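# Understanding the architecture of this molecule
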Amino acid sequence: MTELGAKQASPGSAHRLERFNRIVLPHLDAAYNYARWLTRNGQDAEDVAHEAMLRALQFFDSFNREQVRPWLLAIVRNTFYTWLKKNRPLELAESLNDDSIPASLQDDPSHAAILNADRRVLSDAIERLPREYREAVILREMEEMSYQEIAAALEIPVGTVMSRLARARRKLTEAIAGGQSRDVYERKR
Amino acid sequence: MSMSVNDSCRPQMVQAYADGQLSAAEALVIESHLKICAACSEACRAQRALSGAIGASDLYHKAPDRLRQRLAMALAAQAPIPACAALPPTPRPRQAHAWRSVALAASAFFAVVLSAAIAVRFNPVGRNEILHDVIQSHMRSLILNHLADVPSTDQHTVKPWFNGKIDFSPPVRDLAASGFALSGGRVDVVDNRVVAALVYRRRRHYINLFVWPSDDAPASEFTATRRGYNVIHWNRSGMSYWAVSDLNRPELEQFVSLLNRTAQP
């Protein structure tokens, strides 16, 4: 019986990998889900998440004390932008005017439509959101991260997190209500 | 700039309230405002409806198994363990040396013939080469997502599938009841011979079990760890078995003992 692996690995790096597997790897779902909504494509998401996890291992020494998920998702995000620059440079240019008017409370949010929205409608509405709004929604609604954690992952101030969330939700509400009224119109025709 | 309903409306605070992001004191202030402001309480309800709809719609994309395997492989490769090729050879020289003393007594011609015979018959011939091959084959089956040519959990489907494809009939046992589910089989090439590869699954781990006929002594067992993969080799009832997996050693050993327990005598 031979057991070469454990003896030949240097204790420091074996320990490092073991720590990485224990601390970071459990967040692979979060990394993939985030990459999936950023790339809007399963195969690309796998590539981005894979690359991000390897980068995370590379930067693991500099990781300390912070919350793991925001730290990891910030790496996923940076990996995504590197990937975007290389693979879809035109999309990179689509920028967000963050000075747009804040969401109005006067308009009817029509939450009946929201409650009735199905998965497809919701999914499409989220995919069509501008990237900066989309990622705020993903981190808040799917990862259930706090404003502070989202701010850390996106590397923006908490106030900006709040305004992006507000605009993202307003756009989603509009898209869902719009989608449903268009459906009604098409059926009547 | 402000489009709020009145001066006391603070839309972002209402949002933060609905998101559960306010301190208790802040929450109290917003709650009392919501009681008197229809617009803000409607906004709060709408936001919660949206959150509820997203939460209930199963929009979360979990990492696919393929990504997990690919990553496990890449991470294992990061471990500072030398590749198979760089490993010291198996105990072949020592055995050869023992026999050489006998051979020296005989003629030089006889010695050559004898050591050639020993190399073929008794030595762990090219054990490192086989080890290298089975690990490569295991990795290839995962990377190419080509685990099984006959994807089936039914041993009575998998076993007959090999008929006519290889010149022996590998023992196929389903160990699903013990947590090792048979997931299929394929024909592979190891050490330049056509072999049967049976695929088992334990949680998210795959086990490739390579089987081929061999007349090596049944007792010879061999275990190794290479690049994060555990390998167990044994011979039994005229078959050579090589089990390869990223599964931990105790569980892989359990798998092997289960296989041997259920194997026909």
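Criteria and cut-off values
- Residues numbered from 1 in each chain as written.
- Chains lettered and ligands numbered in written order.
- Predicted model: local features only at pLDDT ≥ 70, side-chain atom pairs only at ≥ 80, totals over all residues.
- Heavy atoms only, no water.
- Salt bridge = Lys/Arg side-chain N within 4 Å of Asp/Glu carboxyl O.
- Helix = DSSP H or I, 4+ residues; strand = E, 2+ residues; numbered from the N terminus.
- Expected span 1.5 Å × (residues − 1).
- Buried < 20%, exposed > 50% of the residue type's maximum accessible area, 1.4 Å probe, protein only.
- Core = buried A, V, L, I, M, F, W, Y, C linked by side-chain atoms within 4.5 Å.
- Contact = heavy atoms within 4.5 Å.
- Axes fitted to C-alpha atoms, helices over the stretch in contact; angles between N-to-C directions.
- Parallel < 35°, antiparallel > 145°, perpendicular 65-115°, else oblique.
- Left-handed = near helix turned anticlockwise from the far one by under 90°.
- Nonpolar A, V, L, I, M, F, W, Y, C, P; charged D, E, K, R; others polar.
- Pairing = 2+ DSSP bridges.

## Some points on the pattern of salt bridges
Applying the stated criterion across every chain, the model contains 20 salt bridges over all chains. The salt bridge partner of A:Asp44 is A:Arg88, with a shortest N-O separation of 2.9 Å. Of this pair, A:Asp44 sits in helix H4 (residues 42-58) while A:Arg88 sits in the loop between helix H5 (68-87) and helix H6 (89-93); the two residues are 44 residues apart in sequence, bridging distant segments of the chain. One connected set of salt bridges, linked through shared partners, spans A:Arg140, A:Glu141, A:Arg169 and B:Asp19.

## Section: H4(A)
Taking 1.5 Å of rise per residue, the 17 residues of H4(A) would be expected to cover 24 Å, and the 24 Å separating its terminal C-alpha atoms lies within 8% of that figure. Where H4(A) is concerned, the buried positions are A:Asp44, A:Ala45, A:Glu46, A:Val48, A:Ala49, A:His50, A:Ala52, A:Met53, A:Arg55, A:Ala56 and A:Leu57.

## Section: the nonpolar core
Where a protein is soluble and globular, its nonpolar side chains tend to be buried together. If you look at the biggest cluster of nonpolar residues, it comprises 76 residues, and the most contacted ones within it are A:Val24 and B:Ile54. A total of 10 residues in this core trace back to one element, the largest contributor, which is H5(A). Dropping the residues within four chain positions of it, A:Val24 is found in contact with A:Arg19, A:Met53, A:Ala56, A:Phe60, A:Val68, A:Trp71 and A:Leu72. Listed in part, the 48 residues of the second largest apolar core include B:Phe162, B:Ala196, B:Tyr200 and B:Leu209.

## As for the environment of B:Ile207
Residue and element names in this part refer to chain B. Turning to its location among the elements, Ile207 is positioned in strand E3 (residues 205-213). Among the residues examined, Ile207 registers a relative accessible area of 0% and is labelled buried. The sequence separation of Ile207 and Asn230 amounts to 23 residues, and the corresponding C-alpha distance is 9.7 Å. Ile207 has contacts with Phe180, Leu198, Val199, Tyr200, Ala243, Val244, Ser245, Leu247, Leu252 and Phe255, leaving out every residue within four places of it along the chain.

## Here we look at the packing of helix H3 (residues 28-39) of chain A against helix H4 (residues 65-78) of chain B
Packing of H3(A) against H4(B) brings their axes to within 12 Å, and their N-to-C directions diverge by 120°. Taken together, the axis directions place H3(A) and H4(B) in an arrangement best described as oblique. Judged by the sense of rotation from one axis to the other, the crossing of H3(A) with H4(B) is right-handed. The segment H3(A) lies against H4(B), with A:Leu28, A:Asp29 and A:Tyr32 engaging B:Leu67, B:Arg68 and B:Leu71. Looking at the contact of H3(A) with H4(B) residue by residue, the class counts come to four nonpolar, no polar and two charged.

## Notes on the packing of helix H1 (residues 11-18) of chain B against helix H2 (residues 24-36) of chain B
Residue and element names in this part refer to chain B. Where H1 meets H2, the closest approach of the two axes is 10 Å, and the angle between their N-to-C directions is 110°. Classified by the angle between their axes, H1 and H2 sit roughly perpendicular to one another. Contacts between H1 and H2 pair Met13, Val14 and Tyr17 from the former with Glu26, Ala27, Ile30, Glu31 and Leu34 from the latter. Residue composition of the contact of H1 with H2, by class: six nonpolar, no polar and two charged.

## Side note on unusual backbone geometry
At A:Arg40, a position not held by glycine, the phi torsion is positive, near 60°. For B:Asp191, which is not glycine, the phi torsion reads 50° and is therefore positive. You can see B:Asp191 is positioned in the loop between strand E1 (181-190) and strand E2 (193-202).

## Here's the deal with the sheet that holds E1(B)
All names here are of chain B. Strand order in the open sheet formed by six strands is E1-E2-E3-E6-E5-E4, and the pairing between neighbours is antiparallel. Looking at strand neighbours, the two that pair on one side only are E1 and strand E4 (222-226), the edges of this open sheet. For this sheet, the mean angle separating the axes of adjacent strands, direction not counted, is 20°. Two elements, E1 and E2, share nine bridges in a ladder whose sense is antiparallel.

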